[in-house]
Amino acid sequence: MATIKDIAKLAGVSHGTVSNVLNKRGNVSVEKIEAVYQAAKQMGYQLNTQAQMLRTNKSHKIAILLPQLVSEKYAVFFNSLRQSIAHFSEITYDLFLTDDLETTELEALQKIAAGGYKQVISVSCLKDASIYFETLKLPPAQIAFIYRRPLNAVRFFTLDFSQAADVICQQLAQTSSKLVGIFIDNRDYLNSQIFASELQNKISQYSPDKKSVVLSASDEESYKIAFDFFSMEQVPDIFITQDIEKARYLTQASYFGSHNDCSPIFALSDNIPPVLKGLYYFPMNYAQLGLEVIDCLIQELDNDSVTDNIICVRNQGEHLYTATPAIINKDEQDISLNLLILPSPSTSALKKLLPHFYRQTGIQVNLAVHPYDEVYQILSQLHLHPYYDLLRIDMACFPWFAERVLQPLDKIGNGLADLLKNFSLPTQQKFSLVNNTAYAMPFDASAQLLFYRKDLFEDTILKRMYYEKTGNELTVPETFEEYDQVTQFFTENYEAGQLSRPMGASTTLGSAGLIATEYLLRYYAQGGRLIGDDNIPKLTMPLAGNILKEYLHQLSITENIHNKWWSESVRQFEQGNLAMLIAYMNLFNDVAHSDILPKIGFAPVPGGVPQLGGGVLGVSRYSQKAQYAEQFYRWLYSPVVMDHLILLGGNSNHQNFSHNQEISHRYPWMTLAYQEINKGIRESSVPNGKLFNLRQAEIIIGQGITNVVNNIMTIGETIEYINQRLLIDTQGER
């Protein structure tokens with residue numbers, strides 16, 4: 001095997017230079033870095049990451065002890081740990097499976113003691129944690145016990161089993177059951193004790209007429225113990241289980257050991273349980289628990305004391321998954337709703353889910369998918385299109401149209417305003433309320449984010465090249481000055497067909513509205529506003545002129561894309577042809593289903609003032625089907641359907657989405673986007689409540705900028721032209 005000395009000789013550099021390059025340290029030129037990498041590749045040298053970490057004193061190993069990975073409560077938890085650890089390049093982990101056997105766990109502790117591990121995460125079957133401290137010689141703060149809390153354990157993480165019990169028992173109270181069968185894990189474990197105790201207390205509180213019987217079993221014994229329920233003199237007419245595996249065993253025990261069908265089952269499960277009749281699932285935050293454990297351990301790595309010795313992760317969702325019975329409208333035949341909408345990932349996701357709505361209600365929803373400009377024209381002359389029942393309206397022009405084309409939410413069926421409680425107040429203000437009246441529901445509320453290629457920003461050669469050129473470190477830009485500098489660097493080093501040398505970024509020029517949006521992002525970043533203290537829409541000089549100069553410079557260093565929507569820019573990024581992309585999150589989610597996902601980084605936009613995007617869903621004032629529209633809204637905005645809309649690539653900032661770790665894993669930028677929506681900007685009305693046509697304003701701004709690009713006007717002339725048109729053309733009759 002090649003040695004560092006061999007590589008140094010072939011590359012024509014010193015031994016120390018090779019060591020610095022392979023360990024990613026030291027002041028080494030780009031030429032020498034490339035020479036070392038080329039020599040190492042030629043000689044078949046594979047850098048041992050673990051050895052590298054040891055040499056740089058960055059070795060950090062975590063031992064993870066779990067009973068097994070068959071049960072989802074362990075499998076989902078471990079998968080979250082694994083995903084979280086992957087964000088820390090210096091951390092490695094080893095997994096030890098104990099099968100809930102004390103002897104196996106003790107043997108694992110001996111291996112861990114000899115393995116140089118700094119932290120331990122354990123679901124332990126031992127009764128006393130002292131053996132961990134005595135064997136491992138680690139500070140108690142660095143050993144995290146999960147679910148079960150052995151005697152003397154210091155750091156303990158669990159889920160909110162009390163909350164789960166409360167939600168289940170409230171639903172249980174609505175049933176006619178008399179005897180509740182409770183099936184839990186080993187009674188010796190704290191999580192089982194809490195769950196069983198809370199269930200019995202809540203049953204007494206909500207359903208004093210119901211009785212309960214509790215059986216407990218380890219994972220290995222659960223199948224056999226499940227049959228005991230069906231040999232009782234009185235078989236429970238409803239069940240509650242601590243995990244999905246026990247629910248499965250009950251169905252098997254009923255099938256083979258009973259004359260009757262299995263009674264309904266309430267079970268704790270993960271975020272995406274199967275949807276089956278008679279099974280009710282409460283989503284437990286197994287994955288979020290994994291994230292919390294890693295976050296706490298990393299934050300307090302060098303701290304021997306414990307800030308919080310018990311951490312209970314609340315399950316953010318408080319709904320039950322189940323196969324709800326269909327409510328078919330039998331009074332009429334061929335009931336339908338016509339929905340005007342533009343093409344987007346959310347539209348595609350909704351289309352996939354509509355068969356479920358039809359099966360549940362018998363109502364057919366017809367999607368009329370039109371480009372943005374056509375949707376705007378239809379809304380402007382909606383009296384010519386009275387056949388539309390539902391309207392997806394871009395949030396930029398929603399206030400302008402709301403009072404003219406939409407019915408207020410409280411006038412639709414029995415009223416829909418109660419659905420807004422699932423959205424933050426800033427979201428309601430921007431995506432629902434116009435002059436304090438709720439006219440629509442947020443549909444795919446969004447904000448701009450900066451997406452970038454992590455692999456490029458972490459590339460040793462590129463980082464060195466950037467430092468030699470600029471004297472600065474290559475980092476994700478936080479200001480537009482930094483953004484332009486990074487963009488120019490990548491563009492100057494662009495090599496066609498080489499994914500490691502893409503263009504820096506893109507500018508979309510095919511539409512006046514899009515041009516204005518990209519210009520205004522820079523304008524807002526410098527504190528500019530369209531609506532000033534005098535409530536008159538205008539661009540403020542000299543700021544507006546300076547920003548226009550920046551925009552013109554941007555054109556010279558970016559890939560100019562002449563397209564009427566941002567879809568081509570997103571596609572270019574997805575194919576690896578751009579180093580960075582500023583995009584509305586609702587247009588970006590489809591990229592998560594491509595091969596580039598592991599390379600995607602994300603951050604707030606430069607300047608930290610994102611524009612809001614996406615749209616709202618309202619009922620046309622011409623629709624005569626308000627009662628059917630109400631059914632559609634209550635179906636679409638149910639937490640279960642919202643979860644699946646997002647999983648299929650759609651978008652929502654419904655407050656309950658964050659409980660679903662599968663969503664957070666597939667679309668890791670969702671949490672940041674949710675925060676950015678709450679602080680984003682889109683000036684669609686003036687402070688005194690008077691409306692103005694933001695859509696028209698953006699077209700005017702874009703057309704003015706195009707005049708400068710085409711050398712028809714100077715910058716000063718353009719700003720004056722824009723302001724004159726803003727004053728005249730944006731506040732007239734709607």
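Rules used throughout
Residues numbered from 1 in each chain as written. Predicted model: local features only at pLDDT ≥ 70, side-chain atom pairs only at ≥ 80, totals over all residues. Heavy atoms only, no water. pLDDT = per-residue confidence, 0-100. Contact = heavy atoms within 4.5 Å. Helix = DSSP H or I, 4+ residues; strand = E, 2+ residues; numbered from the N terminus. Expected span 1.5 Å × (residues − 1). Buried < 20%, exposed > 50% of the residue type's maximum accessible area, 1.4 Å probe, protein only. Salt bridge = Lys/Arg side-chain N within 4 Å of Asp/Glu carboxyl O. Pairing = 2+ DSSP bridges. Axes fitted to C-alpha atoms, helices over the stretch in contact; angles between N-to-C directions.

K.L.:
Looking at this structure, I do not really get the confidence of the model for the protein. What am I missing?
P.N.:
Averaged over every residue, the pLDDT of the protein is 86; residues scoring 70 or more account for 91%. Counting contacts from residues 48-57, a segment whose pLDDT is below 50, to residues more than four positions away or on other chains yields 18 contacts.

K.L.:
How should helix 12 (residues 286-299) be read in this particular structure?
P.N.:
Spanning 14 residues, helix 12 covers 20 Å between terminal C-alpha atoms, matching the ideal 20 Å at 1.5 Å per step. Restricting attention to buried positions, one finds in helix 12 the residues Tyr 286, Ala 287, Gln 288, Leu 289, Gly 290, Val 293, Ile 294, Cys 296 and Leu 297.

K.L.:
Where do I start with the environment of Ala 417 in this structure?
P.N.:
Tracing the sequence through the fold places Ala 417 in the loop between helix 15 (398-405) and helix 16 (425-431). Placed 22 residues apart in sequence, Ala 417 and Tyr 439 show a C-alpha to C-alpha distance of 8.9 Å.

K.L.:
When you look at the pattern of salt bridges in this model, what are you seeing that I'm missing?
P.N.:
Opposite charge on two side chains allows them to pair when their charged atoms are near. Counted under the stated rule, the structure contains 25 salt bridges. Residue Asp 219 is joined to Lys 246 by a salt bridge in which the shortest nitrogen-to-oxygen separation is 3.9 Å. Note that Asp 219 is positioned in the loop between strand 7 (211-216) and helix 10 (222-226) and Lys 246 in helix 11 (residues 244-257), a separation of 27 residues in sequence. For Asp 219, a relative accessible area of 13% puts it in the buried group. Look at Lys 246 and you get buried, because its relative accessible area is 1%. Ionic contacts of the salt-bridge type, sharing partners, join the residues Lys 73, Asp 185, Asp 219, Asp 243 and Lys 246 into one network.

K.L.:
For this particular structure, what's the right way to read the sheet that holds strand 10 (residues 279-283)?
P.N.:
One key point about sheets: their strands pair by backbone hydrogen bonds, in either a parallel or an antiparallel sense. Strand order across the open sheet formed by 5 strands is 7-6-8-9-10, with parallel pairing between neighbours. Looking at the sheet topology across the chains shown, the edges are occupied by strand 7 and strand 10. Pairwise comparison of adjacent strand axes, ignoring direction, gives a mean angle of 20° for this sheet. As paired elements, strand 8 (residues 238-241) and strand 9 (residues 265-269) share 3 bridges and run parallel to each other. Residue pairing for strand 9: Thr 241 is matched across the bridge by Ala 267. On the sheet, helix 8 (residues 161-172) packs against strand 6 (179-184), strand 8, strand 9 and strand 10 and is oriented at approximately 155° with respect to strand 9. Helix-sheet contacts for helix 11 involve strand 6, strand 8, strand 9 and strand 10, and the interaxial angle to strand 9 is about 150°.

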